[in-house]
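# Descriptive analysis of the structure
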Amino acid sequence: MKQYNFDEIIDRRGTGCVKHDMMDRIWGTNDLLPMWVADMDFRSPDFVMDALRRRCDHEVLGYSFGTKEYFDVMLSWLQRHYAITAQSSQLHYIPGIVAGIAFALQAFTAVGDKVLILTPVYPPFVHLPQGSGRSLVCSPLKIENGRFAIDFDDLREKAKGCKMMILANPHNPGGTVWSADELRQIAHICAENGVLIIDDEIHADLTLPGYSHTAFPTVSSEAENNCIMFYSPSKTFNIAGLSSSVCYIPNDEIRKRYFGYLDTYEVANGNVFAYVGAEAAFANGEEWLRQLLDYLAANVRFTADFIHNEMPLLKAVMPEASYLAWLDFTAYGHSHEETKRRLCETARVALNDGTDFGGTNYKNCFRLNLGCPRATLHDALKRIKKAME
């Protein structure tokens, strides 16, 4: 059995890498330790890279489509991992989940319609509705026993009059794995109020050992018949640059309307590497993923121990899935701007600003990416500790 080396330090600078090479647009410098953009600093799997190289050897990169083999390996993966029994006709390629959500907003809502989210949440869930003229409705999450929890009384009230809910399952940030019961309650509330659920499961495969992910469409008939599920190998296998994603829609009416939008406007045609990379990942990725999850779980434990022992004032929501932790520096007593200054100018670390995650309650909160070699993670944590002291 091949052992993958997740401790390897790879210099990504100068490759058009968002995490490094776009840093100066936000912080005015490129010399921070980048712990922000949600991709991993690990080498993309050898079986994916080999498949891409073999395809390049053909030397004709013409128009491409998803072959039967592409859909077969994806359907097999969904069945084995999430008990989703689907047909290829229920799947459609999407050039990235953010794009897929934007298309759904156009296909199912109009300017002024209300869109519901659970905050804090991945910033595009905030920016896409706002930028397209929709009215954003935020239901703030609570923190209970160190994890995010849904305030169902608030959600039930906020759902009234909404046309769509955008759900991160598992959640981002904080990596909370929603239970089947929590998902059923969401499905029931939305069905009662005529709210279409956009279900982003991009971090499903990154559910850490000891936790179990539940695919939203499987929890009830209300969920199955009122959702668009988005899914991708991009986070799982660190191939986000291939823009390879898919949507699964069990309900005939919703599927006809959404696929009709995609095909009418020709906005979801794939590129050759998106198909080849995804097929190779799903066909060969089980062992690589197992080793990756063990490494990420160890990074989570390392971070939790460091915070407990070295920074007891720092409050954190540690991921149950993914590699994204939510840090709250409030107890240090600084203003949000002062905390930002210390992280940037003193620690020289780039973290995502919590105020970008929706709502108004996330000052002094930041998102930390743990998907990196442990030496990099340790360096970042030591810098943050020193800056806050």
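Notes on the structure in this doc start here. Since the model is a prediction, treat every value here as computed from it, not as a measurement.

What follows covers unusual backbone geometry. Note that the residue after Thr119, namely Pro120, is joined by a cis bond; omega there is 0°. Structurally, the position occupied by Pro120 is in the loop between strand S3 (114-119) and helix H6 (123-131). Of the consecutive residues Asn172 and Pro173, the connecting peptide bond is found in the cis state with omega at 15°. Mapping Pro173 onto the fold places it in the loop between strand S7 (162-168) and helix H8 (180-193). Positioned with a positive phi, Ala83 is a non-glycine residue whose angle comes to about 55°. Phi angles above zero are rare outside glycine, and Arg348 is one such case at about 60°. Along the chain, Arg348 turns up in the loop between helix H13 (336-346) and strand S13 (349-350). Residue classification places Arg348 among the partly exposed positions, given a relative accessible area of 26%.

Taking 1.5 Å per residue as the helical rise, H8 with its 14 residues ought to reach 20 Å, and the 20 Å between its terminal C-alpha atoms agrees with that figure. Within the span of H8, buried status applies to Glu182, Leu183, Ile186, Ala187, Ile189 and Cys190. Buried residues along H8 cover an arc of 165° about the axis, so they all sit on one side. Turning to H8, the residues buried within the fold contact strand S6 (147-149), helix H7 (152-158), S7, strand S8 (196-200) and helix H9 (221-224). At the C-terminal side of H8, Gly194 shows a positive phi close to 65°.

We now examine the packing of helix H3 (residues 46-58) against helix H11 (residues 272-284). Where H3 contacts H11, the axes come no closer than 8 Å and their chain directions differ by 140°. Between H3 and H11, the angle falls in the class oblique. In the crossing of H3 with H11, the sense of the turn from one axis to the other is right-handed. For the pair H3 and H11, contact is made by Phe47, Val48, Ala51, Leu52, Arg55 and Cys56 and by Val272, Phe273, Val276, Gly277, Ala280, Ala281 and Asn284, respectively. Taken together, the residues that form the contact of H3 with H11 break down as ten nonpolar, two polar and one charged.

Calculation rules
- Here the residue numbering is sequential within each chain, running from 1 through the sequence in written order.
- Local features in a predicted model are, by the rule used here, given only for residues with pLDDT of at least 70; side-chain atom pairs are given and counted only at 80 or more, and totals for whole chains, interfaces and linings are based on all residues.
- Side-chain metrics in this entry use all non-hydrogen atoms of the structure; hydrogen atoms and water are not considered.
- By definition, any uninterrupted DSSP run of H or I lasting at least four residues is a helix, any uninterrupted run of E lasting at least two residues is a strand, and each is numbered from the N terminus.
- A 1.4 Å probe rolled over the protein chains alone gives each residue an accessible area, and that area as a share of the maximum for its type sets the label: buried under 20%, exposed over 50%, partly exposed in between.
- Expected helix span is computed as 1.5 Å times (number of residues minus one).
- The reported arc concerns the directions from the helix axis to the C-beta atoms and nothing else.
- Two residues qualify as a contact provided that any one of their heavy atoms is within 4.5 Å of a heavy atom in the partner residue.
- Think of each axis as a best-fit line through the C-alpha atoms, taken over the contacting stretch in the case of a helix, with angles from 0 to 180 degrees between the N-to-C directions.
- For this classification, under 35 degrees means roughly parallel, over 145 means roughly antiparallel, 65 to 115 means roughly perpendicular, and everything else is oblique.
- Throughout, a crossing is termed right-handed when the near helix is turned clockwise from the far one, and left-handed when it is turned anticlockwise from it by less than a right angle.
- When residues are grouped by polarity, Ala, Val, Leu, Ile, Met, Phe, Trp, Tyr, Cys and Pro land in nonpolar, Asp, Glu, Lys and Arg in charged, and all others, Gly among them, in polar.

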